Amino acid sequence: MIETVFALLLIVNNEIVEHRIQPTLSDCLKGKRLAMRERKSTDRVIFQCIKSQAELEKTIDGTWTIKKLILQ
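Values in this document were obtained by computation on a predicted structure and should not be read as measured data.

Enquirer: Is there a simple way to explain the side chain of serine 52 in this structure?
Expert: Along the chain, serine 52 falls in strand 3 (residues 45-58). A distance of 3.0 Å separates the side chain of serine 52 from the backbone oxygen of isoleucine 70, its partner in a polar contact. When near neighbours in sequence (up to four residues on either side) are disregarded, serine 52 contacts Glu3, Thr4, Val5, Leu69, Ile70 and Leu71.

Laid out in structure tokens, this is it:
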């Protein structure tokens, strides 16, 4: 299923390592702030919130996860 979602991205060396669905942009920005506080200043990671189309799949426990981001 393809939907428009807010996603919190973890980017390391210009590659998306992890992506998580967030219910709202506000929740995404809050998660980004928390993640930025907990990282070390020497870490070379970037956290970014985006609104994008994504291919979603339903997990066994009934939640939705991002299978593939559709970046345009």
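Structure's up, so let's keep going.
Enquirer: Please clarify how the pairing of strand 1 (residues 2-12) should be interpreted in this entry.
Expert: When a strand is regular, its side chains alternate between the sheet's two faces. Looking at chain direction, strand 1 and strand 3 are connected through 11 bridges and run antiparallel. Pairing of valine 5 across the sheet is with serine 52, part of strand 3. As paired strands, strand 1 and strand 2 (residues 15-22) are joined by seven bridges and run antiparallel to one another. From the neighbouring strand, isoleucine 11 faces strand 2, where its bridge partner is isoleucine 16.

Enquirer: I tried to follow the pattern of salt bridges on my own but got confused; where do I start?
Expert: Oppositely charged side chains are able to pair whenever their charged atoms sit close together. Counted according to the given criterion, the structure contains three salt bridges. Salt-bridge contacts for lysine 67 lead to glutamate 55; the nearest nitrogen and oxygen are separated by 3.8 Å. Here lysine 67, found in strand 4 (residues 64-70), pairs with glutamate 55, found in strand 3; they are 12 residues apart in sequence, far enough to count as distant. For glutamate 55, a relative accessible area of 22% puts it in the partly exposed group. Put simply, glutamate 55 and lysine 68 hold a salt bridge, and the shortest N to O gap is 3.9 Å. With a gap of 13 residues between them, glutamate 55 in strand 3 and lysine 68 in strand 4 connect regions that are remote in the sequence. We classify lysine 68 as partly exposed; its relative accessible area is 47%. What emerges from the salt-bridge pattern is a single network uniting Glu55, Lys67 and Lys68.

Rules of the game
Counting of residues starts from 1 at the beginning of each chain's written sequence and follows it residue by residue. With the structure being a predicted model, the display of local features is reserved for residues of pLDDT at least 70 and the display and counting of side-chain atom pairs for 80 or more, all residues being used for whole-chain, interface and lining totals. Processing note: side-chain calculations cover all non-hydrogen atoms of the structure and skip hydrogens and water entirely. Helix and strand definitions here come from DSSP, where helices need a minimum of 4 consecutive H or I residues and strands a minimum of 2 consecutive E residues; each element is numbered from the N-terminal end. Under the rule applied, a polar contact is a pair of N or O atoms within 3.5 Å (in protein, one hydrogen donor and one hydrogen acceptor; residues adjacent in sequence only if both atoms are side-chain atoms). Any pair of residues with heavy atoms lying within 4.5 Å of one another is described as a contacting pair. Two strands pair under a simple rule: DSSP has to find at least two bridges between them. We define a salt bridge as a side-chain nitrogen of Lys or Arg found within 4 Å of a carboxyl oxygen belonging to Asp or Glu. Only protein chains enter the accessibility calculation, which uses a 1.4 Å probe. A residue is then buried if its area is under 20% of the maximum for its type, exposed if over 50%, and partly exposed in between.

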